[in-house]
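So the chains spell out like this:
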There are 2 protein chains.
Amino acid sequence: MNKLTIQHVKKRFGRKQILNDVSFELAPAKIYGLLGRNGAGKSTLLNIMTNRIFANQGQVLLGQTPVANNQAALSELYLMSEVDLLMKHTKVKDTFAMAEDVYGQFDFANATRMLNAFGISEKDTLAKLSTGLRTAAKLTVALNVNANYIFLDEPTLGLDANHRELFYQELMRTYEERPRTFVISTHLISEVQQLLEDVIILDHATIIKNEAVSDLLANAYEISGPADLVAEYTAGMQILTSRQLGKIQAVTVVAALNDHRVLPDQVKLAHLDLQKTFTALTNGGEKHE
Amino acid sequence: MNKLTIQHVKKRFGRKQILNDVSFELAPAKIYGLLGRNGAGKSTLLNIMTNRIFANQGQVLLGQTPVANNQAALSELYLMSEVDLLMKHTKVKDTFAMAEDVYGQFDFANATRMLNAFGISEKDTLAKLSTGLRTAAKLTVALNVNANYIFLDEPTLGLDANHRELFYQELMRTYEERPRTFVISTHLISEVQQLLEDVIILDHATIIKNEAVSDLLANAYEISGPADLVAEYTAGMQILTSRQLGKIQAVTVVAALNDHRVLPDQVKLAHLDLQKTFTALTNGGEKHE
């Protein structure tokens, strides 16, 4: 399988720079998280990568081949998104047939089993389904289509906790049976943390982190204690967030702590999980979509 | 402050029984979770409690007074829901003025501070805001309105992780300053677990649990080990879910374990969190909305 390479992608809507020189690579058979605040440009990026909209500059390559308007390359890429390209009266089983048409193959047996687990009938029209069940029907297509790169934009929209759990199980199951690349863009970061190998964080139109989740979390800390001692221990580090709890100061950092600084007894170090690391990294400045 | 009492409420849409003899009480100054699968009847129940739709049978009382069509009682109840009753061109600041009109008082200063934290301008129209920011604007109204019972139906719809965290902080802040009752209906159960004192679980049109979160979780377990030993130890208990992992059987129960049964060495007990307890309790049968 080929790598997917995103090179210097820029996109502007009107005066607003949505993506500003975005470059990264996706390796075959890996599960990525694509994280960002509302309005950070995640959906725009996914749409550019799958040829639904065009970049102002830059390109997307599958191996050495530009993806734009290249049907052979595009048939390796599948995007499940909030936007419905299908007509209202389309039945769920029609979406299976369409996926087979475009991608050459479709796992009908597994898709039928999944639909059943979600409590959906093949004969239901997409319009008739609730938001949550429509998401479940789309996920069923996405996990059974024959593509090496599957992009899932908000895959848990409207799903209740039981259906989210079922989705995570089905994702791991299909990934183990046939490893391929999944890119999951979601706001429910705590829930997907354990599924992700690498994380790509978009903020203010650029990529601010692109690394293994384990590497990122190895350096993500909350440091708390008396304010003066915390200030001394964190001197020179970039403080991401800071809050005062009575006499205790708690700050977050993403930094290697392996220098020779000694941690005073009254100062505590605690690792952050992925969601808290993300919010700490992206709390500077709110955004409108 | 008066209790809110829901008595024998029944609601049917066409042939479908949405609520079947639902009764419970809400105490003043307490935070409740109202949990249920998609389609379980949560929104219908909230709409009945706030007089937006009518029950086929049963009633809702504030103290001794029926709430239906009673303006004085209704001015104690505020529902924030996904449905927008407001016109598209309404500005955020107009929603504040409307809340003051109807509820007699509104905390403009705190609302302005919250808006600012969410990155919203008072002059923005609701139509212009993204789903997430529209939710944030509605939350700002809900947390600053002068009512003793505040119902939040899917209060995190479209919010990114940073804004969800901000909402949880703002809820706790306003609750500490002026304790009143909040009922939170959400699918993001893990995230709200620590906010909730009591939980009401709706399933198949009826209430299956109504108790303190701590009491429910004290009895919620996963029991795992060799299948025969697990079966022996759980004999007579209602098994909620069961899964096989190689030679290990893992089952979930909500049951008091304080009898004289001895736990064999190879069998492990682990407490479930609220989300896992909920999914275990409600996994029997999928539902369409």
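Just so we're clear, the structure is a prediction, and the values are computed from it rather than from any experiment. (Residues numbered from 1 in each chain as written. Chains lettered and ligands numbered in written order. Predicted model: local features only at pLDDT ≥ 70, side-chain atom pairs only at ≥ 80, totals over all residues. Heavy atoms only, no water.)

Visitor: Looking at this structure, I do not really get the domain arrangement of chain A. What am I missing?
Guide: Size of an interface: often given as the accessible area lost when the parts come together. Residues and elements named next belong to chain A. In terms of domain boundaries, chain A breaks down into domain 1 (4–215) and domain 2 (219–282). On the domain 2 side, the residues contacting the 15 residues of domain 1 number eight residues. Buried surface at the junction of domain 1 and domain 2, both sides included, amounts to about 1000 Å², of which 67% is carbon and sulfur. Considering only the surface of domain 1 that becomes buried against domain 2, Arg 37, Ile 189 and Gln 193 emerge as the three largest contributors, covering 37% of it. The interface formed by domain 1 and domain 2 contains zero salt bridges. One can count three residue pairs in polar contact (both at pLDDT 80 or more) joining domain 1 with domain 2. Contributing elements (two or more residues each) for the side of domain 1 that touches domain 2: β3 (31–36), α7 (189–192), β9 (198–203), β10 (206–212) and α8 (213–218). For the side of domain 1 that touches domain 2, a count of residues per class yields seven nonpolar, four polar and four charged. (Domains from an automatic or database assignment. Contact = heavy atoms within 4.5 Å. Buried area = accessible area lost by both parts, 1.4 Å probe. Salt bridge = Lys/Arg side-chain N within 4 Å of Asp/Glu carboxyl O. Polar contact = N/O pair within 3.5 Å; in protein donor to acceptor, adjacent residues only side chain to side chain. Helix = DSSP H or I, 4+ residues; strand = E, 2+ residues; numbered from the N terminus. Nonpolar A, V, L, I, M, F, W, Y, C, P; charged D, E, K, R; others polar.)

Visitor: Which parts of the structure should I look at to understand the side chain of Thr282(B)?
Guide: Structurally, Thr282(B) can be placed in helix α10 (residues 274–282). Note on Thr282(B): relative accessible area 0%, which makes it buried. Separated by 3.0 Å, the side chains of Thr282(B) and Asn162(A) make a polar contact. Dropping the residues within four chain positions of it, Thr282(B) is found in contact with Asn162(A), Arg37(B), Ile201(B), Asp203(B) and Ile208(B). (Buried < 20%, exposed > 50% of the residue type's maximum accessible area, 1.4 Å probe, protein only.)

Visitor: Looking at this model, I keep getting lost on the interface of chain B and chain A. Mind explaining?
Guide: Taken together, the contact between chain B and chain A spans 32 residues of the former and 32 residues of the latter. Around 2400 Å² of area is buried between chain B and chain A when both sides are counted, 42% of it from carbon and sulfur atoms. In this structure, the connection of chain B to chain A is made through three salt bridges. Note that Glu165(B) is salt-bridged to Lys276(A), the shortest N-O span being 4.0 Å. Taken together, the links from chain B to chain A amount to 22 residue pairs in polar contact (both at pLDDT 80 or more). Of all the elements in the fold, those that place two or more residues in the side of chain B that touches chain A are α4 (108–118), α5 (131–142), α6 (161–177), α7 (189–192) and α10 of chain B. Considered class by class, the residues forming the side of chain B that touches chain A number nine nonpolar, 13 polar and 10 charged.

Visitor: Would you mind going over the side chain of Gln249(B) with me for this structure?
Guide: Residues and elements named next belong to chain B. Inspection of the secondary structure puts Gln 249 in strand β13 (residues 248–254). Polar contacts involving the side chain of Gln 249 include one to the side chain of Ser 242, which spans 2.6 Å. Those residues in contact with Gln 249 that lie beyond four places of it in its chain are Ile 223, Ser 224, Gly 225, Ala 227, Val 230, Ser 242, Arg 243 and Gln 244.

Visitor: Would you take a moment to explain the relation of the copies chain B and chain A for this structure?
Guide: Two copies of the chain are present, and they differ by a rotation about an axis and a shift along that axis. Relative to chain A, chain B is turned by 180° and slid 0.0 Å along the rotation axis, the superposed coordinates differing by an RMSD of 0.0 Å. Such a turn and shift between the copies fits a two-fold axis. Most of the interface of chain B is mirrored in chain A, where 100% of its interface residues are also at the interface. (Least-squares fit on C-alpha atoms with pLDDT ≥ 70 in both.)

Visitor: Sorry if this is basic, but what is going on with the packing of α4(B) against α5(B) here?
Guide: How two helices sit against one another is set out by the angle between their axes and by the gap between those axes. Residues and elements named next belong to chain B. Taken N-terminus to C-terminus, the directions of α4 and α5 make an angle of 160°; their axes are 9 Å apart at the nearest point. Taken together, the axis directions place α4 and α5 in an arrangement best described as roughly antiparallel. Where α4 crosses over α5, the handedness of that crossing is right-handed. On the side of α4, the interface is formed by Ala 111, Met 114, Leu 115 and Phe 118, while α5 contributes Leu 133, Ala 136, Leu 139 and Thr 140. (Axes fitted to C-alpha atoms, helices over the stretch in contact; angles between N-to-C directions. Parallel < 35°, antiparallel > 145°, perpendicular 65-115°, else oblique. Left-handed = near helix turned anticlockwise from the far one by under 90°.)

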